[in-house]
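# Chains, contacts and geometry: an overview
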Amino acid sequence: IFGPAIALAIGAKFIPLRKPKKLPGEVISETYVLEYGTDCLEMHVGAIEPRERVLIVDDLVATGGTLCAAINLMGTCWS
Ligand SMILES: O=P(O)(O)OC[C@H]1O[C@H](OP(=O)(O)OP(=O)(O)O)[C@H](O)[C@@H]1O
Ligand SMILES: Nc1ncnc2[nH]cnc12
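Residues numbered from 1 in each chain as written. Chains lettered and ligands numbered in written order. Predicted model: local features only at pLDDT ≥ 70, side-chain atom pairs only at ≥ 80, totals over all residues. Heavy atoms only, no water.

## As for the site of ligand 1
- The environment of ligand 1 is made up of Lys-19, Leu-34, Tyr-36, Asp-58, Asp-59, Leu-60, Val-61, Ala-62, Thr-63, Gly-64, Gly-65 and Thr-66.
- Lys-19 places a side-chain nitrogen or oxygen 3.0 Å from an oxygen atom of ligand 1.
- Here ligand 1, which alone exposes 500 Å², has 70% of that area covered by the protein.
- A breakdown of the residues in the shell around ligand 1 according to their chemical character gives five nonpolar, four polar and three charged. (Near = heavy atom within 4 Å. Polar contact = N/O pair within 3.5 Å; in protein donor to acceptor, adjacent residues only side chain to side chain. Areas by Shrake-Rupley, 256 points an atom, 1.4 Å probe, with all protein chains shown as cover. Nonpolar A, V, L, I, M, F, W, Y, C, P; charged D, E, K, R; others polar.)

Next up, the structure:
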């Protein structure tokens with residue numbers, strides 16, 4: 001897991017985006033398409049303030065569906 005270490009190194013906060021039912025409290029969800037079906041990412045409500053800058057870290061990009069879902073979750077905070 002590289003996200004927390006990168007956040008610490010650059011002085012940023014760490015925000016986990018997790019598969020469904022992993023995060024406690026209120027979440028927002030984004031469903032997306034993978035090579036082998038669909039899945040869903042969740043993020044805590046209020047984790048990001050409007051106009052905050054983000055760095056999205058994942059282990060790999062294949063179709064880009066997961067990355068797009070993460071970007072869409074960011075967008076729900078900025079709108
Ligand atoms: O660009 P994409 O086509 O979306 O694929 C990339 C995603 O696939 C893998 O996760 P996966 O959904 O397989 O589950 P995992 O996190 O449990 O490994 C990987 O960790 C990326 O998040
Ligand atoms: N194309 C791919 N290769 C390896 N791991 C993956 N996880 C999701 N898509 C993958």
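## Some points on the site of ligand 2
- Residues in contact with ligand 2, as listed here, are Glu-35, Leu-60 and Ala-62.
- Between a nitrogen atom of ligand 2 and a side-chain N or O atom of Glu-35, the distance comes to 2.6 Å.

## Considerations on the environment of Ile-1
- Inspection of the secondary structure puts Ile-1 in the segment before helix H1 (3–10).
- With a relative accessible area of 92%, Ile-1 lands in the exposed category.
- C-alpha of Ile-1 to C-alpha of Glu-35: the two residues are 34 residues apart in sequence and 23 Å apart in space. (Helix = DSSP H or I, 4+ residues; strand = E, 2+ residues; numbered from the N terminus. Buried < 20%, exposed > 50% of the residue type's maximum accessible area, 1.4 Å probe, protein only.)

## Topic: the nonpolar core
- Counting residues in hydrophobic clusters, the biggest one holds 11 residues: Tyr-32, Leu-34, Leu-41, Met-43, Ala-47, Ile-48, Ala-69, Ala-70, Leu-73, Met-74 and Cys-77.
- Within the residue set of this core, elements represented by two or more residues are strand E1 (27–34), strand E2 (37–44) and helix H2 (65–78).
- If one sorts the elements of this core by residue count, H2 sits on top with five residues.
- The residues touching Tyr-32, leaving out its near neighbours within four places in the chain, are Lys-19, Gly-37, Thr-38, Asp-39, Cys-40, Leu-41, Gly-65, Thr-66 and Ala-69. (Core = buried A, V, L, I, M, F, W, Y, C linked by side-chain atoms within 4.5 Å. Contact = heavy atoms within 4.5 Å.)

## Considerations on the pattern of salt bridges
- Applying the stated criterion across every chain yields a total of two salt bridges.
- Among the salt bridges present, the one from Lys-13 reaches Glu-52, with a minimum N-O distance of 3.0 Å. With Lys-13 in the loop between H1 and E1 and Glu-52 in the loop between E2 and H2, this residue pair connects regions lying 39 residues apart in the sequence.
- A relative accessible area of 27% places Glu-52 in the partly exposed class.
- The shortest N-O distance in the salt bridge between Lys-19 and Asp-39 comes to 3.6 Å. (Salt bridge = Lys/Arg side-chain N within 4 Å of Asp/Glu carboxyl O.)

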